Amino acid sequence: MVRPFMPQLVYFEPKALEYPLGEELFKKFRDKDIEIRYTTSHNQVRNLPGENDFQRYRMAKSTLVVGLRKTLKFDTSKPSAEYAIPFATGCMGHCHYCYLQTTMGNKPYIRTYVNVEEILESAQQYMEERAPEITRFEASCTSDIVGIDHLTHTLKRAIEYFGKTDLGRLRFVTKFNNVDHLLDAKHNGRTRFRFSMNADYVIKYFEPGTSRLHERIEAAGKVAKAGYPLGFIIAPIYLFDGWQEGYKKLFEQLSAELAEDAKEGITFELIQHRFTKPAKRVIEKNYPMTKLELDEEKRRYKWGKYGIGKYIYPKEEETEMKDTLFNYIQTYFPKGKIEYFT
Ligand code: SF4
């Protein structure tokens, strides 16, 4: 069982203390005797404790920087949403294949932004620009937002904010089960709450520092009872000895947890495991003992943007994987909706 995240070290950007959330977080960490340091900008966060890169990387994942989001221009987030809404970056989890390892480079610490009001105002402008079209915002492009929300309640605020809008929709995905404070949020059906699920084997060996499968399933049950539109991202789909049985069990357990009416309209996003050469290098550095299969010879090369191609499963394995999982979903969730397989 993974306990809800509590940082070992917290940095504050001085301006963050001018915001109610900044002040609240400051008191919270001070009362818990957590080491607090100050920094004029997160870029100055250096000299984290640790004797080598390996230790400093682990320390960074236990370090929280409380600051302001300066860029209020949102990135696009196709295909699942129009925009990425930035409430936090970084994550305390240690999933071996996490894409943040390459995108965050040498800044793997977690940042939370206290100027939530300004971020939401910016979202409002994006919605107005697109009116009368619906605008979807993805809150988990650069972090696992649920993983720190028990500390900040920013996500809860955003859920309630979008609950009141007609043209805004919020979505996010998580591997964490600390959802209790979100259950009474007035979501008004405007937020799609997705869980990242996988076969028990994959979670056990490749996703340390995140909630275990049974905890995620239980959390999904609570979220369904709270009336949220629910979704599952099955990713990365990974072929291991006994994968058919492993994934079957996953769908069986999910189905057993959810009431029949809650199964209607559940969305599924399916993503097979892939890696790039740069990602492989980082994974081998950060998780040298990993048993994750990263052998280019066993994969198929797919050209990608900026000349960085990825290694995905060979066609035959891909087809078998896709057919098997589609079949499980049709069996256990006939009223579910498969959004894509990639
Ligand atoms: Fe990365 Fe998600 Fe794992 Fe966090 S929980 S380390 S964001 S894959």
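What counts, and where the lines are drawn
Residues numbered from 1 in each chain as written. Predicted model: local features only at pLDDT ≥ 70, side-chain atom pairs only at ≥ 80, totals over all residues. Heavy atoms only, no water. Helix = DSSP H or I, 4+ residues; strand = E, 2+ residues; numbered from the N terminus. Rg over C-alpha atoms; globule rule 2.2 N^0.38 Å. Contact = heavy atoms within 4.5 Å. Areas by Shrake-Rupley, 256 points an atom, 1.4 Å probe, with all protein chains shown as cover. Lys, Arg positive; Asp, Glu negative; His and termini not counted. Charge placed at Lys NZ, Arg CZ, Asp CG, Glu CD. Salt bridge = Lys/Arg side-chain N within 4 Å of Asp/Glu carboxyl O. Buried < 20%, exposed > 50% of the residue type's maximum accessible area, 1.4 Å probe, protein only. Near = heavy atom within 4 Å. Nonpolar A, V, L, I, M, F, W, Y, C, P; charged D, E, K, R; others polar. Phe/Tyr/Trp six-rings, centres within 6.5 Å; stacked < 30°, edge-to-face > 60°. Axes fitted to C-alpha atoms, helices over the stretch in contact; angles between N-to-C directions. Parallel < 35°, antiparallel > 145°, perpendicular 65-115°, else oblique. Left-handed = near helix turned anticlockwise from the far one by under 90°.

**Student:** Any chance you could explain the overall build of the protein here in plain terms?
**Tutor:** When helices and strands are counted, the protein shows eleven helices and 14 strands. For the protein, the C-alpha radius of gyration of 20 Å lies close to 20 Å, the compact-globule estimate for 342 residues. Along the first, second and third principal axes, the C-alpha atoms of the protein reach 55 × 50 × 40 Å. Pairs at least 24 apart in sequence give 75% of the contacts found in the protein among residues at least 6 apart. Surface accessibility of the protein: about 16400 Å² in total, with carbon and sulfur atoms responsible for 50%. Measuring between centres, the 53 positive side-chain charges of the protein sit 3 Å from its 47 negative side-chain charges.

**Student:** Quick question: what am I supposed to make of the pattern of salt bridges here?
**Tutor:** A side chain with one charge may pair with a side chain of the opposite charge, provided their charged atoms come close. This structure, assessed with the given rule, holds 26 salt bridges. Asp184 is the partner of Lys156 in a salt bridge, and the nearest nitrogen-oxygen pair spans 2.8 Å. Of this pair, Lys156 sits in helix α6 (residues 154-163) while Asp184 sits in the loop between β8 (168-174) and β9 (191-197), placing them 28 residues apart in sequence. For Asp184, a relative accessible area of 54% corresponds to the exposed category. Of the charged contacts in the structure, one is a salt bridge between Lys337 and Glu339, with a shortest N-O distance of 3.6 Å. By relative accessible area, which is 31% here, Glu339 ends up partly exposed. A single network of salt bridges, built from pairs that share partners, joins Glu138, Arg171, Arg194, Glu269, Lys337 and Glu339.

**Student:** Help me understand the site of the ligand in this model?
**Tutor:** Inspection of the region around the ligand gives Cys91, Gly93, Cys95, Cys98, Leu100, Asp144, Lys175, Phe176 and Thr210 as its neighbouring residues. Its residues assigned to classes, the shell around the ligand comprises five nonpolar, two polar and two charged.

**Student:** Quick question: what am I supposed to make of the packing of aromatic side chains here?
**Tutor:** For the structure on display, the rule yields 24 aromatic pairs. A centroid spacing of 5.4 Å and a plane angle of 70° characterise the contact between Phe12 and Phe26, whose relative ring orientation is edge-to-face. Remark: Phe26 occurs in helix α1 (residues 20-31) and Phe12 occurs in strand β1 (residues 9-12); sequence separation between them is 14 residues. In this pair, the class of Phe12 matches that of Phe26, namely buried.

**Student:** Just to check I follow, could you spell out the packing of helix α4 (residues 116-130) against α6 for this structure?
**Tutor:** For any two helices packed against each other, one specifies the crossing angle of their axes together with the interaxial distance. Interhelical geometry of α4 versus α6 gives an angle of 30° and a closest axis separation of 11 Å. In terms of axis orientation, α4 runs roughly parallel to α6. Crossing of α4 over α6 shows right-handed handedness. Between α4 and α6, the contacting residues are Val116, Glu117, Leu120, Ala123, Gln124 and Met127 on the first element and Thr154, Arg157, Ala158, Tyr161 and Phe162 on the second. When the residues that make up the contact of α4 with α6 are grouped by side-chain class, the tally is seven nonpolar, two polar and two charged.

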